[in-house]
Amino acid sequence: MTELKKDSTVELDITDINNLGNGVGRIDGRVVFVRGAVSGDRVKAKVIKINKSFAVAKLLEVITPSEHRLCGDFCGAPLSCGGCVYRHITYEHELGLKRGYVKAAFAKAGLGDADVLPVLSTGKVSGYRNKAQYPVAKNKNGIYAGFYAAKTHSVLPAEDCAIQNEAFSKIVRAVCAFAENNGWSVYDEESGRGLLRHIYLRIGEITGEIMLCLVISGDSLPKEEKFVEEISARFPEIASIMLNKNAENTNVVLGKEYRTLRGKGGIEDELCGLRFFISPDSFYQVNREGAELLYTKAAEMAQLSGDEIMMDLYCGTGTIGLSMAHKVKTLCGVEIVKSAVECAKENAERNGIKNARFICADAGDKQTILDAAGGVRPDVVVMDPPRKGSTKELVDCLADIGVPKIVYISCDPDTLARDAAWFVERGYTIGQVQPVDMFPRTGHVESVVCLTRTLDN
């Protein structure tokens, strides 16, 4: 039996991969995590950490490669970036792993008989992200942008990213060159000094419009007008140039103050046949094609006839509900963030949708939901809560009202399964769980499920 000691070199078979991209093996009955290893590999690794329940080892050599190992490198960014945790495995294997994570989450919540379908995907694994935030730093070679190394705030030079829109890298390089040539200072987290903090980009994939927002610690940029003129001339697709002021000594990227230097303060894009305005701080799915796939599946699960009163809880800027508004009698969105509610109203008006309204309120209150639905019980509730999931109070509220159908969208399988178990306790049955790969090459997976009321309790 191989003895497990720190700094020792071991050989082991990798039997699984977790959602952080670490291969999983076992020695002496203890789990060993090996980053970069693939299920089916036999590897040589150096033990770098041991605790009571697991160990961590550094991959030294792949002795026998797995059939799931990807030939060649998916991305040119350093491995320490930590973003694409599945960059070294086949996409088919990745989809199987993600389905397994969703199954495991439901089993852990006591719902092991839930029917988890194969993961839906657009098939597009690179260039799908329409949003990027690049931290800026400076070294002996000058100003550069990139990404934080995993679990650190050390900036790795990496303008090119396989999952970001290909238009971004040229703009990032141009901004860094201008900053270097015109004496801009770069923010340092330790000292709290310096001006330029982040380069923030969004693109409307259908419209082609790009938003460039520079996050700075002050009120203005040196040679601001020159910058706007040069960047606009070089990249005419940039429809909006903005500044965001973040003077706080924090790792939060965006501050609360914005100033538009050129353009309309945001961009537009099309999703599910609708036109949406995207401001710097508004929520918009980073994978537009994946979002269309997800929202289409959610509408199918809702089985709408055109006569329903629908509520969209945690509605944000209204994209989910508005994509289904033409299939229902009335739609009411509920969102606690006031600016998002105003944006949702504008999006409804922009698309000529007359049967939708949006209110700013906490969805966890029974009377709020009844009032929002015009004093009657809604027929269908669509909900897409944040990663932490919904609340027991809201589940009880919807059950007490007796909502017949809940279409629940989630970016976290564990909180989805937990909340689904709460609904089951209150008399709902679980339909098929449909995972959707909104974030290829990462460890995240979106899911949607319809819960139907069958008991009065």
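To be clear, the structure that these remarks concern was listed above.
Rules and cut-offs
Residues numbered from 1 in each chain as written. Predicted model: local features only at pLDDT ≥ 70, side-chain atom pairs only at ≥ 80, totals over all residues. Heavy atoms only, no water. Helix = DSSP H or I, 4+ residues; strand = E, 2+ residues; numbered from the N terminus. Rg over C-alpha atoms; globule rule 2.2 N^0.38 Å. Contact = heavy atoms within 4.5 Å. Areas by Shrake-Rupley, 256 points an atom, 1.4 Å probe, with all protein chains shown as cover. Lys, Arg positive; Asp, Glu negative; His and termini not counted. Charge placed at Lys NZ, Arg CZ, Asp CG, Glu CD. Pairing = 2+ DSSP bridges. Expected span 1.5 Å × (residues − 1). Buried < 20%, exposed > 50% of the residue type's maximum accessible area, 1.4 Å probe, protein only. Arc of directions from axis to C-beta. Phe/Tyr/Trp six-rings, centres within 6.5 Å; stacked < 30°, edge-to-face > 60°. Salt bridge = Lys/Arg side-chain N within 4 Å of Asp/Glu carboxyl O. Core = buried A, V, L, I, M, F, W, Y, C linked by side-chain atoms within 4.5 Å. 1 Å grid on protein atoms, 1.4 Å probe; cavity = no way out; pocket = protein on both sides within 12 Å on 5 of 7 lines; lining within 4 Å. Points joined across faces, edges and corners; volume = space filled by probe spheres on them. Nonpolar A, V, L, I, M, F, W, Y, C, P; charged D, E, K, R; others polar.

(A) Spatial organisation of the overall build of the chain. Of the regular secondary structure elements, the chain holds nine helices and 22 strands. Its C-alpha atoms give the chain a radius of gyration of 24 Å, within 12% of the compact-globule value 23 Å for 457 residues. Reported as C-alpha extents along the three principal axes, the dimensions of the chain are approximately 70 × 65 × 35 Å. Residue pairs in contact within the chain that sit at least 24 positions apart in sequence constitute 62% of those at least 6 positions apart. Accessible surface for the chain amounts to roughly 20300 Å². Of this, 49% is attributable to carbon and sulfur atoms. When the 56 positive and 60 negative side-chain charges of the chain are each reduced to one mean point, those points stand 4 Å apart.

(B) Inspection of the sheet that holds strand β3 (residues 22-27) at higher detail. One open sheet accounts for six strands, arranged β1-β5-β6-β4-β3-β2; its pairing is mixed. Since the sheet does not close on itself, it has two edges, and those belong to β1 (9-13) and β2 (16-17), each with one partner. Here eight bridges tie strand β5 (residues 42-50) to strand β6 (residues 54-64), and the two strands are oriented antiparallel to one another. Each bridged residue has a counterpart across the sheet, and for K44 the counterpart in β6 is E61.

(C) Here's a closer look at helix α6 (residues 338-350). If you check α6, its first and last C-alpha atoms are 18 Å apart, about what 13 residues at 1.5 Å a residue would give, namely 18 Å. All buried positions along α6 are accounted for by A340, V341, C343, A344, N347 and A348. Each buried residue of α6 sits inside an arc of 160° when the element is viewed along its axis, so together they form one side. With respect to the buried face of α6, the exposed residues turned more than 90 degrees away are K338 and E349. Just beyond α6, the residue with positive phi is G352, at close to 65°.

(D) Quick peek at the packing of aromatic side chains. Inspection of the entire model under this criterion finds six aromatic pairs. Judged by centre distance (5.2 Å) and plane angle (65°), the ring pair of F178 and F227 falls under edge-to-face. On the criterion of sequence distance, the pair formed by F178 in helix α2 (residues 168-181) and F227 in helix α3 (residues 224-234) is long-range, its members being 49 residues apart. A network of ring pairs unites the aromatic residues F178, W184 and F227 as a single cluster.

(E) Quick look at the pattern of salt bridges. Under the counting rule described, the total for this entry stands at 23 salt bridges. For the salt bridge of R275 with E270, the shortest nitrogen-to-oxygen distance reads 3.1 Å. With a relative accessible area of 28%, R275 lands in the partly exposed category. Here E342 ties to K345 by a salt bridge, and the two come within 3.7 Å at their closest N and O atoms. Taken together, the residues E342 and K345, both in helix α6 and three residues apart, mark about one turn of the helix. Judged by its relative accessible area of 36%, E342 is partly exposed.

(F) Up close: the nonpolar core. Formed by 84 residues in total, the largest nonpolar core has its most connected members in I199, L212, L214 and F227. If one sorts the elements of this core by residue count, α2 sits on top with eight residues. Other than its neighbours up to four places away in sequence, L212 contacts I171, V175, I199, Y200, L201, F227, I231, I238, S240, I241 and M242. With 38 residues, the next largest nonpolar core counts M311, A361, L398 and A420 among its residues.

(G) Local environment of empty space enclosed by the protein. Evaluated as defined, the whole model comprises one cavity of 30 Å³ or more. Of the voids in this model, the largest cavity is the one considered here, and its volume is about 40 Å³. Residue lining of the largest cavity: F276, F277, I278, S282, F283, Y284, T317, T319 and N347, and that is the complete set. With three residues, the single largest contributor to the lining of the largest cavity is strand β15 (residues 274-278).

(H) Here's a closer look at the environment of C161. As for its position among the elements, C161 is in the loop between β9 (155-157) and α2. Placed 15 residues apart in sequence, C161 and G146 show a C-alpha to C-alpha distance of 9.0 Å. Once you skip the residues sitting within four places of it in the chain, C161 turns out to touch C75 and F147.

(I) Local environment of the layout of surface pockets. Empty space within the second largest pocket amounts to approximately 350 Å³. Going through the elements one at a time, β7 (131-139), β8 (142-148) and β10 (196-203) are the ones with two or more residues in the lining of the second largest pocket. Each residue belonging to the lining of the second largest pocket can be placed in one class, and the counts come to ten nonpolar, six polar and five charged.

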